[in-house]
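Here is what each chain is made of, one letter per residue.
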Amino acid sequence: MNRAQIKTVADRIANTQIGPANERVKSIVDRMVLDLFAIIEDFDVTQEEFWAAANYLAEVGKSNEIGLLIPGLGIEHFLDLRLDEQEEAAGIEAGSTPRTIEGPLYVAGAPVSEGEARLDDGADKGELLFMHGQVTDIHGKPISGATVEVWHANSFGNYSVFDPSQSAFNLRRTIVTDAEGRYRFRSIMPCGYCVPPNGPTQKLLSKLGRHGNRPAHIHFFVTAPGYRTLTTQINIKGDPYTYDDFAFATREGLIPEVTRHTAPEALLEKGVNHPFAEIAFDFTLPHALEGVPNALIERARASA
Ligand code: DHB
Ligand code: FE
């Protein structure tokens, strides 16, 4: 069919309204149907291919992997880039910590502590990690009472709650910054993550000649009254996938140095008897602006 014929069929489907519609939903769905028809025509998609694709989407839904496929196709990163652009256009202060994708593995309701926390339950014998920093505005003014929500994978690349072998909220905490805007935590070094190797996300990635690996990373939501909520991650520097992240989340400014400490005095000071890694990372938040929707996106999230 030519474009005009495709448009005629799509219009016939669009013009079947018998009552009031949600105009926004209707215009987007009408457009999706038209674009899908054009794709089927342009690629001469066979009926077998079409039904395989429809079945694939059902499989993604059944296996709860929609939140994995979206970052894997770069869509979540694209939404970040659009939000960056919208913030710039709205006059939000430049120079804050870069945002990057939330991913699908946040769980609401982690234990809250003041100033500092230990994230791990002691079961994981991975490398000891101490991370600390300060939350400030873009001029360096400390933000006391800011909320730093942190979550990361264990040394096998798995997240508690989704990995039932871990204790509840292992490697998940909410830390409220102290009078100087500082937070600090003890944990174990996360390992890189990969999508379930036998799941539908990897099935599609394989057809695209792609892997489903993420570099080791630590997630954060940083929130304070009067400021824009920051959704971000830091990468563990040196991970081979740092610049080859299947979820496209790596951004300049989010790859802090990792310092390794082995000296007995350093261990003594921290009260540990193993060498440890240390990461210092400050978060810089832009002020909220009236009329500009906050940056924390409303979406369905797990809670435990
Ligand atoms: C995925 C996993 C993550 O840990 C993450 O941060 C982002 C995406 C995923 O499985 O798609
Ligand atoms: Fe993650």
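Just so it is clear, the structure is predicted and the values come from calculations on it, not from any experiment.

## So, the site of ligand 1
Next, step 1: The local shell around ligand 1 holds 15 residues, among which Leu68, Tyr159, Tyr193, Arg214 and His219 are the closest.
Next, step 2: A distance of 3.0 Å separates an oxygen atom of ligand 1 from a polar atom in the side chain of tyrosine 159.
Next, step 3: The contact in question runs from an oxygen atom of ligand 1 to an N or O atom on the side chain of histidine 219, over 2.8 Å.
Next, step 4: Protein coverage of the free-state accessible area of ligand 1, which is 290 Å², stands at 100%.
Next, step 5: Only helix 4 (66-72) and strand 10 (217-223) provide two or more residues apiece to the shell around ligand 1.
Next, step 6: Across the shell around ligand 1, the residue classes tally to 9 nonpolar, 5 polar and 1 charged.

## Observations concerning unusual backbone geometry
With glycine set apart, most residues show a phi of negative sign, and most peptide bonds adopt trans.
Next, step 1: The backbone of asparagine 64 shows a phi angle near 60 degrees, a positive value even though the residue is not glycine.
Next, step 2: Locating asparagine 64 in the fold gives a position in the loop between helix 3 (47-62) and helix 4.
Next, step 3: Exposure remark for asparagine 64: the relative accessible area of 66% places this residue in the exposed category.
Next, step 4: Unusually for a residue other than glycine, leucine 171 sits at a positive phi of about 65 degrees.

## So, a nonpolar patch on the surface
Next, step 1: On the surface, a cluster of nonpolar side chains totalling about 620 Å² of accessible area is made up of Ile66, Ile70, Leu73, Ile75, Phe78, Leu79 and Leu208.
Next, step 2: Sorting elements by how many residues they give to the nonpolar patch places helix 5 (residues 75-90) first, with 3 residues.
Next, step 3: Along the polypeptide, leucine 79 turns up in helix 5.

## Structural notes on the pairing of strand 6 (residues 172-176)
Next, step 1: Extensive coverage of strand 6 is indicated by the burial of 5 of its 5 residues.
Next, step 2: In this structure, strand 2 (residues 112-114) lies alongside strand 6, joined through 3 bridges in parallel fashion. Pairing of valine 112 across the sheet is with threonine 174, part of strand 6.
Next, step 3: Sheet topology note: the strand 5 (residues 147-152)/strand 6 ladder contains 5 bridges and is antiparallel. Across the sheet, residue tryptophan 151 finds its bridge partner in strand 6, namely arginine 172.

## A look at the coordination of the iron ion (ligand 2)
Next, step 1: Donor atoms from the polypeptide that bind the iron ion (ligand 2) are Tyr159 (OH), His217 (NE2) and His219 (NE2), placed at 2.0 to 2.1 Å.
Next, step 2: Spacing between the donor residues of the iron ion (ligand 2) along their common chain follows Y-x57-H-x1-H. You'll find histidine 217 and histidine 219 in the same group, each marked buried.

## Description of the packing of helix 1 (residues 3-14) against helix 2 (residues 23-42)
Next, step 1: Their axes nearest at 10 Å, the elements helix 1 and helix 2 cross at an angle of 145 degrees. Helix 1 and helix 2 meet at a crossing whose hand is right-handed. Between helix 1 and helix 2, the contacting residues are Arg3, Ile6, Lys7, Val9, Ala10, Ile13 and Ala14 on the first element and Lys26, Asp30, Leu34, Phe37, Ala38, Glu41 and Asp42 on the second.
Next, step 2: For the contact of helix 1 with helix 2, a count of residues per class yields 8 nonpolar, no polar and 6 charged.

## Considerations on the nonpolar core
The tendency in soluble globular proteins is for nonpolar side chains to be buried as a group.
Next, step 1: Counting 31 residues, the largest nonpolar core has Met131 and Phe220 as its most contacted members.
Next, step 2: What phenylalanine 220 contacts, discounting residues up to four positions off in sequence, is Met131, Val148, Glu149, Val150, Trp151, Phe185, Leu230, Thr231, Thr232, Ile234 and Phe283.
Next, step 3: If you look at the next biggest cluster of nonpolar residues, it comprises 14 residues, including Tyr106, Phe221, Ala247 and Ala249.

About the cut-offs
Residues numbered from 1 in each chain as written. Chains lettered and ligands numbered in written order. Predicted model: local features only at pLDDT ≥ 70, side-chain atom pairs only at ≥ 80, totals over all residues. Heavy atoms only, no water. Near = heavy atom within 4 Å. Polar contact = N/O pair within 3.5 Å; in protein donor to acceptor, adjacent residues only side chain to side chain. Areas by Shrake-Rupley, 256 points an atom, 1.4 Å probe, with all protein chains shown as cover. Helix = DSSP H or I, 4+ residues; strand = E, 2+ residues; numbered from the N terminus. Nonpolar A, V, L, I, M, F, W, Y, C, P; charged D, E, K, R; others polar. Buried < 20%, exposed > 50% of the residue type's maximum accessible area, 1.4 Å probe, protein only. Patch = residues over 30% accessible without salt bridge, like charges linked within 9 Å, V, L, I, M, F, W, Y side chains within 5 Å. Salt bridge = Lys/Arg side-chain N within 4 Å of Asp/Glu carboxyl O. Pairing = 2+ DSSP bridges. Donors = N, O, S within 2.8 Å, 3.2 Å for Na, K, Ca; no water. Axes fitted to C-alpha atoms, helices over the stretch in contact; angles between N-to-C directions. Left-handed = near helix turned anticlockwise from the far one by under 90°. Contact = heavy atoms within 4.5 Å. Core = buried A, V, L, I, M, F, W, Y, C linked by side-chain atoms within 4.5 Å.

Purely spatial values, then, with no claim about function.
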